[in-house]
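# Residue-level structure breakdown
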Amino acid sequence: MGKNITIADIARELNTTPATVSRALSDHPAISDSTKRSVQQTALRLNYKRNRIASSLRSGKTHLIGVLIPGTDQSFFGSLIHSIEKNAFKKGYSILLHQSNESSEQEKKGLEAFLSAGVDGILVSIAKEASDHSHFHTIKERGIPVLFFDRANDDTGISSVTVDDYKGAFLATEHLIDRGYKRIAHISGPQHLKNYLDRLNGYLGALQARKIKTEPALIMNGSLSIDQGKAAIRKLLNLPNPPDAVFASDDFTALGVILELKERKIRIPGNFGVAGFSNEDFGQYITPSLTTVDQQTELMGQSALEELIRQIESPAKEKASEPGIVLEPRLMVRESSLRKKSKKSVIT
């Protein structure tokens, strides 16, 4: 094996000081962009590998970020992780990933693992089974920045990056109304999570805006699964006056609705319209393709990562969290909500 390249080697190559090289590699504002480029190019050419252990001992930082998600079985979270990791790399950070599998206990174990690894900050999408969020207060009290993304809880006082769930649900429900559906049901998600409560309220807001009477029988509790979608639509179809459309709070529930309707030979969208939420990858490939709400995963991951790093790197007196960042949703109109087939379009 060859010699390990050090900062001193890069400094000799460029006829400068090790201190200048160190600051350039750390993106210090006192170093010019041209010098930073020269140092980075030379480091790459010499195959320099930064000693993160030594660096962390000097700076008190590990340049590690913990990312806690419900699971990787949804393409939505896969896309978010891809965005977070890509942008973290650009900023000189690495990520540690933990899945809660929607369990409060697993969520707590993930936080403990992050603390043991000495992460500089933590990004969290709350587990749906977690109703007590006091463990996040403990993390904050230890001075470690925490930021929620996608699923947040306002009562914790922790800042967040989310999509406008109310507006997204409003747009999806309004679209179904505009396509001529008269009795639109909603299959909700866990109501102790703010994003699913906001989606329910967006559905109700769209009905109210169009002066359509709200019927409690058309609102079903859901658990974000294909099986729950099937069970909910079976109950809805057994009502004396069943719905002719469903807005589901997530795409997996919407998929369950479509599968059950197809088993019953109910034409979609001719006799029944379906819309989901989150723009999972499968939605554009099933038949009929699924109308849904896109949550801007690339932008959400980037925004969450940048805000957390801002908190990590700000002086103590400036570490206060920014108000929650709310992204604009996009309605993805596909076949499942159109009474006549049309090319897929995007409405913003």
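Residues numbered from 1 in each chain as written. Predicted model: local features only at pLDDT ≥ 70, side-chain atom pairs only at ≥ 80, totals over all residues. Heavy atoms only, no water.

### Description of the overall build of the chain
- Scanning the chain from terminus to terminus reveals twelve helices and 13 strands.
- Projected onto the principal axes, the alpha-carbon positions of the chain cover approximately 80 × 45 × 40 Å.
- When the 348 residues of the chain are sorted by exposure, 50% land in the buried category.
- In the chain, once contacts between residues fewer than 6 apart in sequence are set aside, the share between residues at least 24 apart is 72%.
- Of the roughly 16,900 Å² that the chain leaves accessible, carbon and sulfur atoms contribute 50%. (Helix = DSSP H or I, 4+ residues; strand = E, 2+ residues; numbered from the N terminus. Buried < 20%, exposed > 50% of the residue type's maximum accessible area, 1.4 Å probe, protein only. Contact = heavy atoms within 4.5 Å. Areas by Shrake-Rupley, 256 points an atom, 1.4 Å probe, with all protein chains shown as cover.)

### Structural notes on the sheet that holds strand β9 (residues 273-275)
- Read from one edge of the open sheet, four strands run β7-β6-β8-β9, paired in parallel fashion. Two strands lie at the open edges of the sheet, namely β7 (219-220) and β9, each paired on one side alone.
- The pairing of strand β6 (residues 184-187) with β7 spans two bridges and is parallel. Bridging across to β7, H186 finds its partner in I219.
- Packed onto the sheet, helix α8 (residues 165-178) meets β6, β8 (245-248) and β9 and runs at close to 170° relative to β8.
- Contacts between helix α9 (residues 194-209) and the sheet are confined to β6, β7 and β8, with β6 contributing the most and set at about 170° to the helix. (Pairing = 2+ DSSP bridges. Axes fitted to C-alpha atoms, helices over the stretch in contact; angles between N-to-C directions.)

### A closer look at the sheet that holds strand β1 (residues 64-69)
- Across the sheet, which stays open at both edges, the six strands sit in the order β2-β1-β3-β4-β5-β11 with parallel pairing between neighbours. The sheet terminates laterally at β2 (94-99) and β11 (325-327), the two strands that pair on one side only. Within this sheet the neighbouring strands show an average axis-to-axis angle of 15°, counted without direction.
- Inspection of the sheet shows strand β5 (residues 160-163) paired to β11 by three bridges, in the parallel sense. Along β11, the bridge assignment pairs V163 with L327.
- The sheet contacts of helix α5 (residues 75-90) involve β1, β2, β3 (121-124) and β4 (146-149), and relative to β2 the element is tilted by about 160°.

### Considerations on the packing of helix α6 (residues 104-117) against helix α7 (residues 134-141)
- Two elements in contact, α6 and α7, have axes whose closest approach is 10 Å; the angle formed by their N-to-C orientations is 10°. Relative to α7, α6 is oriented roughly parallel. Residues S104, E107, K108, L111 and L115 of α6 pack against H135, F136 and I139 of α7.
- Within the contact of α6 with α7, the residues separate by chemical class into four nonpolar, two polar and two charged. (Parallel < 35°, antiparallel > 145°, perpendicular 65-115°, else oblique. Nonpolar A, V, L, I, M, F, W, Y, C, P; charged D, E, K, R; others polar.)

### Brief notes about the nonpolar core
- The biggest cluster of nonpolar side chains holds 58 residues, and the ones touching the most others in it are I65, V67, L123, V246 and V274.
- In contact with V274, other than residues within four places in its own chain, are L176, V246, A254, V257, I258, L261, I268, L290, T291, S336 and S337.
- Listed in part, the 20 residues of the second largest apolar core include L111, I122, V124 and A130. (Core = buried A, V, L, I, M, F, W, Y, C linked by side-chain atoms within 4.5 Å.)

### Description of the confidence of the model for the chain
- Model confidence for the chain is summarised by a mean pLDDT of 88, while 91% of its residues fall at 70 or above.
- Here residues 341-348 is modelled with pLDDT under 50, and outside its nearest four sequence neighbours on either side it reaches 13 contacts, counting other chains as well. (pLDDT = per-residue confidence, 0-100.)

### Notes on α6
- An ideal rise of 1.5 Å per residue puts 20 Å on 14 residues; α6 measures up with 20 Å between its terminal C-alpha atoms.
- Listed as buried for α6 are S104, E107, G110, L111 and F114. Buried positions in α6, seen along its axis, are confined to an arc of 115° and lie on one side of it.
- Where the residues of α6 are buried, they touch β1, β2, β3 and α7. (Expected span 1.5 Å × (residues − 1). Arc of directions from axis to C-beta.)

### Section: the packing of helix α1 (residues 7-14) against helix α3 (residues 33-45)
- At a minimum axis separation of 10 Å, α1 and α3 run at an interaxial angle of 115°. When the axes of α1 and α3 are compared, the crossing they make is right-handed. In contact with I10, E13 and L14 of α1, α3 contributes S38, V39, T42, A43 and R45.
- Of the residues in the contact of α1 with α3, the class split is four nonpolar, two polar and two charged. (Left-handed = near helix turned anticlockwise from the far one by under 90°.)

### Things to note about the side chain of E102
- Its place among the elements puts E102 in the loop between β2 and α6.
- The exposure class assigned to E102 is buried, which follows from its relative accessible area of 13%.
- A polar atom in the side chain of E102 sits 2.8 Å from the side chain of R151.
- Ignoring any residue separated from it by four or fewer positions in sequence, one finds E102 in contact with P70, I126, A127, K128, E129 and R151. (Polar contact = N/O pair within 3.5 Å; in protein donor to acceptor, adjacent residues only side chain to side chain.)

### Comments concerning helix α12 (residues 297-313)
- Between its first and last C-alpha, α12 extends 24 Å over 17 residues, near the 24 Å set by a 1.5 Å rise per residue.
- Buried residues belonging to α12 abut β1, α5, β3, β4, β5 and β11.

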